[in-house]
Structure formats: structure tokens, C-alpha cells
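Each chain, letter by letter, is given below.
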Amino acid sequence: MFALITTLSTNLLRTYIIYRFMRLFFWTDIEEKKKERACYVLFFILTAGVHLIFCSPGMSVITNIVLIFLITVCYEGALKKKIFVTLLVYGTNMGCDLVSVHLLTDYSITGKVGECAAYITVLLVLICDVISEKILIKNKGEDKTPHGMILAVISALCLAELLIVEQELKNRILLVLFGCCVLAVVLLIFYLYDVLISAYKKLEEQSLMEKQMLIYSHQLDVLMQSEEKVKALRHDMKNHLQVLEQLEDHEKRRRYLNTLQEQMAGFENFVDTGNETLD
């Protein structure tokens, strides 16, 4: 019973962490969202089932690697990139697993792993994901959420709390319940963070739209002024044609045309970059 609760709760957070890792390296169309969700559900069910039924580390490793690669197939990208991401994600998970196991227990002697190690593993992987996301976004010059490292701090605090509780609390039932509560809080915090980021992006897009509307309004005013100038120019052209018809002397007509040309040479565009949208 305790193994079931621990496996399902930790595997749920691990599935979400893998989703966050994939979001760092891949992008998917809205039309493929159903296929993407199906792969994550399949990953959650099969990895948990293999771990609970067979209890074989070898089968769990193979199942995880195959299913993580299956998730990468949902996204656009080269085969080499998908293989690299698969190995990177599982390698991170395995590294964190080794750290948590050998920190909490003497696995070489007992051969047993407590429930707390599983909770600490997923928190370590989550910290690695947040740090990786921060580094990648910063390198791309797209860091618009400077408080993203708060998530890593929160995960680290939960990790420290689990380590303290694991040392003090010997009741297995309370330990499993506490671990589940910690994972639930972490998931809720990350979900709320994603909601806030989405709201921030919408506000940013709305602000950009308002600026564009102001620019278009100004452009419309300029066009209206240009239309008025064109109307005035048509009126002036009629007057100039009438004057030219009345001038019989060729030299006077030539001087009059030269004057008109000098006046027309003063009309230039305010901006001319070759890009109409930028102009």
C-alpha cells in the first residue's frame, strides 16, 4: 500500500518534470496536444506499473528510456536531438536517484531504499530542471521572469524539510503522507507559477497591442494629412496649368516650370528603410 502511494505520487511529479524538460528543447502545435497528453499518460501508467509489478531495476530503466523517447517523437526535431534529450532527461533522473539513495541509506549493505528517497529524488530532478530552464532562457536572451529561481529555492526548502523529517520521523505512515503533501504543494506552486507566467504574457501582449493601436492611429492621422495635401496639390496644379496656358513666352514658361520643380524637390518621406511595417 505504501509502495503504491509513493510510486504514484512521485511518478506523477516526475511525469510533470519530464514535460517541463521537453518544453525546454521542443515545441509542439496545438493540433498535436492530444497526442502529447496521451504519451504522458502512457508514460505515467506504464512506468508505475512496471515498477510495482516486476520490481526490476533493469526493466524500469528500459521502460523509462523507451517511453521518454516515445514522448520526444511527439515533437518536431532531428533524431539525434531526440536521442540526446532522452539520455539527458533519464541521466539526470538516474543521477539524482543515486544521490538520494546513497545519502539516506547504505544501499550496498541493506539493499533497501526507503520511501523518503523516492520523494527526494523527484525534488532533486525538479531543482535540476529549474536551473536548466533558467540557464537556457538566459542564454537565449528571453529571461522575462527574473523570479524563476524562486521555484528552485522552494524545491530546495522542501528537500531540506524532507531530509529533516526523515531523520526525526520514524512512523512509515506519517512519512509517506508527509511526502505526498510536500509533492502536492510543489505541484500546486509550479502550476500557479505557470498560470502567473501565462497571465504576464497576456498582459504583455495586450500592452504591445495598445502601443500598435496608438502607432496605427498616428499613421492614420498622417495619411489624412497627406490626403489633404494631395487635394491642395490638385487645386494648385489646376492653377499652375492655367498659368502655363496663359504664358506665351517660351522663356517665361521654362522659368515657371523650373520654379515648380524646385518646390516639388522639397517633398521627401519622413522614413524610408525599405520595410513598410518598420516605416
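Residues numbered from 1 in each chain as written. Predicted model: local features only at pLDDT ≥ 70, side-chain atom pairs only at ≥ 80, totals over all residues. Heavy atoms only, no water.

1. A word on the overall build of the chain
Right, so step 1: From N to C terminus, the chain includes nine helices and zero strands.
Right, so step 2: Residues counted as buried form 30% of the 279 residues belonging to the chain.
Right, so step 3: If you take every contact in the chain between residues at least 6 apart in sequence, the share linking residues at least 24 apart comes to 71%.
Right, so step 4: Of the roughly 18,900 Å² of accessible surface on the chain, 66% is carried by carbon and sulfur atoms. (Helix = DSSP H or I, 4+ residues; strand = E, 2+ residues; numbered from the N terminus. Buried < 20%, exposed > 50% of the residue type's maximum accessible area, 1.4 Å probe, protein only. Contact = heavy atoms within 4.5 Å. Areas by Shrake-Rupley, 256 points an atom, 1.4 Å probe, with all protein chains shown as cover.)

2. Overview of unusual backbone geometry
Right, so step 1: The backbone of Cys55 shows a phi angle near 50°, a positive value even though the residue is not glycine.
Right, so step 2: You can see Cys55 is positioned in the loop between helix H2 (33–54) and helix H3 (57–73).
Right, so step 3: On the basis of relative accessible area, Cys55 is assigned to the exposed category, the value being 58%.

3. Some points on the packing of aromatic side chains
Right, so step 1: Following the criterion strictly, the structure yields four aromatic pairs and no others.
Right, so step 2: Between Tyr19 and Tyr40, the ring centres sit 5.7 Å apart and the planes meet at 80°, which makes this aromatic pair edge-to-face. Of this pair, Tyr19 sits in helix H1 (residues 2–25) while Tyr40 sits in helix H2; the two residues are 21 residues apart in sequence, bridging distant segments of the chain.
Right, so step 3: A residue is classified by how much of its surface remains accessible, and Tyr19, at 25% relative accessible area, is partly exposed.
Right, so step 4: The class of Tyr40 is buried, set by a relative accessible area of 9%.
Right, so step 5: For the ring pair Phe26 and Tyr75, a centre distance of 5.4 Å and an interplane angle of 15° mean the geometry is stacked. With Phe26 in the loop between H1 and H2 and Tyr75 in the loop between H3 and helix H4 (79–104), the pair connects residues that are 49 residues apart, well separated along the chain. (Phe/Tyr/Trp six-rings, centres within 6.5 Å; stacked < 30°, edge-to-face > 60°.)

4. A few points about the confidence of the model for the chain
Right, so step 1: Chain-level statistics for the chain give a pLDDT mean of 81 and a share of 85% at 70 or above.
Right, so step 2: The weakest mean pLDDT in the chain belongs to helix H5 (residues 107–110) at 43; the strongest belongs to H3 at 93.
Right, so step 3: Confidence drops under pLDDT 50 across residues 107–111; counting only partners more than four residues distant or on other chains, this segment forms five contacts. (pLDDT = per-residue confidence, 0-100.)

5. Examining the environment of Asn93
Right, so step 1: Its location among the elements puts Asn93 in helix H4.
Right, so step 2: As a C-alpha pair, Asn93 and Cys128 span 35 residues in sequence and 9.2 Å in three-dimensional space.

6. Concerning the nonpolar core
As a rule of thumb, soluble globular proteins bury nonpolar side chains together.
Right, so step 1: If you look at the biggest cluster of nonpolar residues, it comprises 45 residues, and the most contacted ones within it are Ile18, Met22, Ile71 and Leu123.
Right, so step 2: Per-element accounting of this core gives the leading share, 10 residues, to helix H6 (residues 115–140).
Right, so step 3: Beyond its immediate chain neighbours, meaning those up to four positions away, Met22 contacts Tyr40, Ile68, Ile71, Thr72, Tyr75 and Val85. (Core = buried A, V, L, I, M, F, W, Y, C linked by side-chain atoms within 4.5 Å.)

7. Comments concerning the packing of H1 against H3
When two helices pack together, you describe them by how their axes are tilted relative to each other and by the distance separating the axes.
Right, so step 1: The N-to-C vectors of H1 and H3 enclose an angle of 45°; their axes lie 11 Å apart at closest approach. Accordingly, the angle class assigned to the pair H1 and H3 is oblique. Pair H1 / H3 crosses with right-handed handedness. For the pair H1 and H3, contact is made by Arg14, Ile18 and Met22 and by Asn64, Ile68, Ile71 and Thr72, respectively.
Right, so step 2: Looking at side-chain class alone, the contact of H1 with H3 contains four nonpolar, two polar and one charged residues. (Axes fitted to C-alpha atoms, helices over the stretch in contact; angles between N-to-C directions. Parallel < 35°, antiparallel > 145°, perpendicular 65-115°, else oblique. Left-handed = near helix turned anticlockwise from the far one by under 90°. Nonpolar A, V, L, I, M, F, W, Y, C, P; charged D, E, K, R; others polar.)

8. Structural notes on the pattern of salt bridges
Right, so step 1: Evaluation of the coordinates by the stated rule reveals three salt bridges.
Right, so step 2: Here Arg20 and Glu133 are joined by a salt bridge, their closest N and O atoms 2.4 Å apart. Here Glu133 lies in helix H6 and Arg20 lies in helix H1, a separation of 113 residues in the sequence. Exposure class is identical for Arg20 and Glu133. Each is buried.
Right, so step 3: Across the pair Glu36 and Lys33 runs a salt bridge, and its minimum N-O distance is 3.5 Å. One end of the pair is Glu36 and the other is Lys33, both in helix H2 and three residues apart, which spans about a single turn.
Right, so step 4: Of the residues examined, Lys33 reaches a relative accessible area of 26% and is grouped as partly exposed.
Right, so step 5: In this structure, a network of salt bridges that share partners links the residues Arg20, Asp129 and Glu133. (Salt bridge = Lys/Arg side-chain N within 4 Å of Asp/Glu carboxyl O.)

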